[in-house]
Amino acid sequence: MASLLRLGTRGSKLALIQTGLVRDALAGAVPALAAPDAIEVVVIKTTGDMIQDRPLSEAGGKGLFVKEIEEALLSGHIDAAVHSMKDMPTAQPAGLVISAFLPREDARDVLIAGDVGRIADLKQGAVVGTAALRRRAQLLYQRPDLKVVTIRGNVDTRLAKRAAGEVEATLLALAGLNRLGLSVGTPVPEGEMLPAVGQGAVCIECRVDDARTIGWLAAINHAATAICVTAEHEMLAVLDGSCRTPIAGHAILDADGALYLRGLIAKPDGSELIATERRGPSADAEAMGREAGDELKRRGGPDFF
């Protein structure tokens, strides 16, 4: 039979694994999608996949991994799109909505530096490779002696570059490593390296007028992840954040359902870092995010970035 739901995704190994998790969750939660051929995975090449010769911040920032997928969604070529939430702009195009999240993976970064397990223990002037301005700024804030260079590519490529000695250390998202089944490096405490907004979260986007797909996605939505990411993205929206600006943020729900949000902005060269935090009921997630963003924007001033 023809598929009932077409899921669009990037063609990277990690993106396909994440899409498989969404497919399996839907097949287990929605009887209509339980048949093996009910869900079709459609691979779409994005601008971000094609740019390998320079940092994405120089090519337009956020949205480069989602633009072509969203175009396929708006045209009706696919019914839903699976994204890493940290790749998402702060607002969706007219006609699209994020309808569901999978349970979030560990949001921390991992330091991969051979026998060295702490940023503080990297040797003087060590060469660290990363493509993220957020990681660069926080590294240099703590260790201005480090030489931070840009490396691009998928997880395997970055690990290979470190193994080959091109860099002495690198940082990767623990969530991606876990989903790929890789156990390398040492997780970095959030007090030393605050994650990217949305890091570790997988979201599913669809058309606002597609009631059938929205209903199916509701069956797998992880409410706690949605609440936490909402607070983070509200903060990011106030800051008008993109890949061009070193911004970090992470929210968690404690056992009592209270929300704890941390956020920061930094100068790209690590010369200055401004941090804030909020605690409150989960129902106030949006307001907490906006307040945190307003505070960071006010304290940083118009010329901070």
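Overview of the structure. Keep in mind that what you see is a predicted model, and the values were worked out from it rather than measured. (Residues numbered from 1 in each chain as written. Predicted model: local features only at pLDDT ≥ 70, side-chain atom pairs only at ≥ 80, totals over all residues. Heavy atoms only, no water.)

**Structural notes on the layout of surface pockets**
Now for step 1: Here the second largest pocket defines a volume of roughly 210 Å³.
Now for step 2: Around the second largest pocket sit 14 residues that line it, and M85, V229, T230, H233 and E234 are the ones nearest its centre.
Now for step 3: Elements supplying a minimum of two residues to the lining of the second largest pocket: β4 (96-101) and α8 (223-239).
Now for step 4: Of the residues forming the lining of the second largest pocket, the biggest block, six residues, is contributed by α8.
Now for step 5: Residue classes in the lining of the second largest pocket are distributed as eight nonpolar, four polar and two charged. (1 Å grid on protein atoms, 1.4 Å probe; cavity = no way out; pocket = protein on both sides within 12 Å on 5 of 7 lines; lining within 4 Å. Points joined across faces, edges and corners; volume = space filled by probe spheres on them. Helix = DSSP H or I, 4+ residues; strand = E, 2+ residues; numbered from the N terminus. Nonpolar A, V, L, I, M, F, W, Y, C, P; charged D, E, K, R; others polar.)

**Regarding the pattern of salt bridges**
Now for step 1: Summed over all chains, the structure comprises 20 salt bridges.
Now for step 2: A salt bridge links R134 to D109, with the shortest nitrogen-to-oxygen separation between them at 2.8 Å. Here R134, found in helix α4 (residues 133-142), pairs with D109, found in strand β5 (residues 109-112); they are 25 residues apart in sequence, far enough to count as distant. Each member of the pair R134 and D109 is classed as buried. (Salt bridge = Lys/Arg side-chain N within 4 Å of Asp/Glu carboxyl O. Buried < 20%, exposed > 50% of the residue type's maximum accessible area, 1.4 Å probe, protein only.)

**Focus on the sheet that holds strand β11 (residues 247-253)**
Now for step 1: Pairing is antiparallel across the open sheet formed by three strands, whose spatial order is β11-β12-β13. If you trace the sheet from one side to the other, it starts and ends with β11 and β13 (273-281), each paired once. Across the sheet, the mean angle from the axis of one strand to that of its neighbour is 10 degrees, orientation sign disregarded.
Now for step 2: Where strand β12 (residues 258-266) and β13 come together, nine bridges link them in antiparallel fashion. If you follow G263 over to β13, its bridge partner there is T276.
Now for step 3: The strands touched by α8 within the sheet are β11 and β12, with β11 carrying the most contacts at an inclination of about 150 degrees.
Now for step 4: Seen against the sheet, helix α9 (residues 285-300) touches β12 and β13 and runs at an angle of roughly 160 degrees to β13. (Pairing = 2+ DSSP bridges. Axes fitted to C-alpha atoms, helices over the stretch in contact; angles between N-to-C directions. Contact = heavy atoms within 4.5 Å.)

**Some thoughts on the sheet that holds strand β10 (residues 202-207)**
Now for step 1: Sheet architecture is open: five strands sit in the order β2-β1-β3-β10-β4, paired in mixed fashion. Looking at the sheet topology across the chains shown, the edges are occupied by β2 (39-43) and β4. Each adjacent strand pair in this sheet contributes to an overall mean axis angle of 30 degrees, direction not counted.
Now for step 2: Note that β4 and β10 share five bridges and pair antiparallel. Across the sheet, F101 pairs through a bridge with C203, a residue of β10.

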